[in-house]
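# Results of the structural survey
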Amino acid sequence: MAGIYLHIPFCKQACHYCDFHFSTSLKKKEEMISALRRELFLRKNEITEPVDTIYFGGGTPSVLSNNEINLLIDEVYQLFNVAENPEITLEANPDDLSADRIKQLAESKINRLSIGIQSFFDEDLKMMNRAHNAHEAWNSLQEVKKYFDNISIDLIYGIPEMTVERWRQNVQKALDLNIPHISSYALTVEPKTALATLIKNGKIPTPDDGIAHEHFLLMIEMLENAGFIHYELSNFGKPDYFSKNNSAYWLGKKYLGIGPSAHSFNGENRSWNIANNSLYINAIQKDKLPNEVEVLSKTDRYNEYVMTGLRTVWGVSLEKIETDFGQDYLAYLLKNAQVFLTNEKLMIENTILKTTLKGKFFCDGIASELFWVD
Ligand code: SF4
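To keep things clear, this report deals only with the structure shown in the data block. Just so it is clear, the structure is predicted and the values come from calculations on it, not from any experiment.

### What to know about unusual backbone geometry
Leaving glycine out, the prevailing phi sign among residues is negative, and the prevailing peptide bond configuration is trans. Residues Gly 58 and Gly 59 are joined by a peptide bond in cis, for which omega reads 25°. Tracing the backbone through its elements, the reader meets Gly 59 in the loop between strand S2 (51-58) and helix H2 (66-79). Despite not being glycine, Gln 118 shows a phi value in the positive range, around 70°. Gln 118 gets classed as buried once you look at its relative accessible area, which sits at 5%. Phi is positive for Glu 344, close to 60°, though the residue is something other than glycine. Its location among the elements puts Glu 344 in the loop between helix H13 (327-342) and strand S14 (346-349). Residue Glu 344 is classed as exposed on the basis of its relative accessible area of 52%.

Structure below.
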């Protein structure tokens, strides 16, 4: 099985914290749709496996009309071997989800919505410069629930001035709405974002890691008590509601990334498209792929496996390390893991190395200590 990811690089306005690739000008929307369709055609032979997930990410894919979305889905169906009942996800923002729009989406092949709620409180939404307000966040979800069962929402924790109580209420609202999948990220300050400037100028306090850690632990407790499985560092799902698209990435399956800045993995190489709408469109119009390709070395593959394994509930299989990478890598991993096994941030369970609750928040840092450096 394989996945197809389509990057829709447009947003209505720039959120203060965001460093994804997008443009707030929709002038090139039509040309972009043609270029995405053309890239699908140019790369149709890269994936021969059945495609069981199609994912519209961004940017804000819900800025596309239903016709545009359907054109792209139809193109995928024409060019690829799409499995039966594929997961077809659209990332959407609450301000795009009117009752009519939701109804139209439900009539398309989209069967999963991933909604950028981020917070149910106006203070947080304003601070992050989101395009929607708390009322739209709540109402859009109530409406979406009438038509969709497979729903994910994004929530951000560790926002400056967000108290633990306000975070608790955010998670509780998601539970009250009976949302079956939640992706949740700590607010991070990326260089060159408006957030970085606002903090530098003293307009917003720096996010506090200690508070973010407290939010993270509270969320795990609340969601696990409600029957969610914390299957990846930033992802919680009820059984049968894990994201197939993201799981494919974590489990090392092939995926084709279409659109500016999209990444692909063909089992051996990673490639990524240029993160510039005009240059992307110009190249594709000349039937050129504007991408860079990186052949993954054994060390790259080991490091990636350790990183994704420690972030997920599937962990790092010591048997796989030995079979795929050899005795040297296994010995190196165990030697470097020892300090974290001793301080109980890692554990070994049936030959699987996993992060413990105590280690989860720090798992990217722990993984980097286990990386093989040539
Ligand atoms: S809507 Fe999403 S992609 Fe667009 S600016 Fe906000 S966070 Fe970034």
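### Observations concerning the pairing of strand S4 (residues 112-118)
Across the 7 residues that make up S4, a large majority, 7, are buried. Side chains of S4 alternate between two faces, with Arg 112, Ser 114, Gly 116 and Gln 118 and Leu 113, Ile 115 and Ile 117 buried alike. Relative to strand S5 (residues 151-157), S4 runs parallel, the two being bridged by 4 bridges. By the bridge assignment, Ile 115 is partnered in S5 with Ile 153.

About the thresholds
Here, residues in each chain are numbered from 1, in the same order as that chain's written sequence. The predicted nature of this model means local features are confined to residues of pLDDT at least 70 and side-chain atom pairs, given and counted, to a pLDDT of 80 or more, with totals for whole chains, interfaces and linings taken over all residues. Each side-chain value is worked out from all heavy atoms of the structure, with water and hydrogens disregarded. Numbering of helices and strands starts at the N terminus; helices are DSSP runs of H or I of at least 4 residues and strands are runs of E of at least 2. For every residue, the accessible area obtained with a 1.4 Å probe (protein chains only) is divided by the maximum for its type, and the residue is called buried under 20%, exposed over 50%, and partly exposed between those limits. Paired strands, in this sense, are two strands between which DSSP finds at least two bridges.

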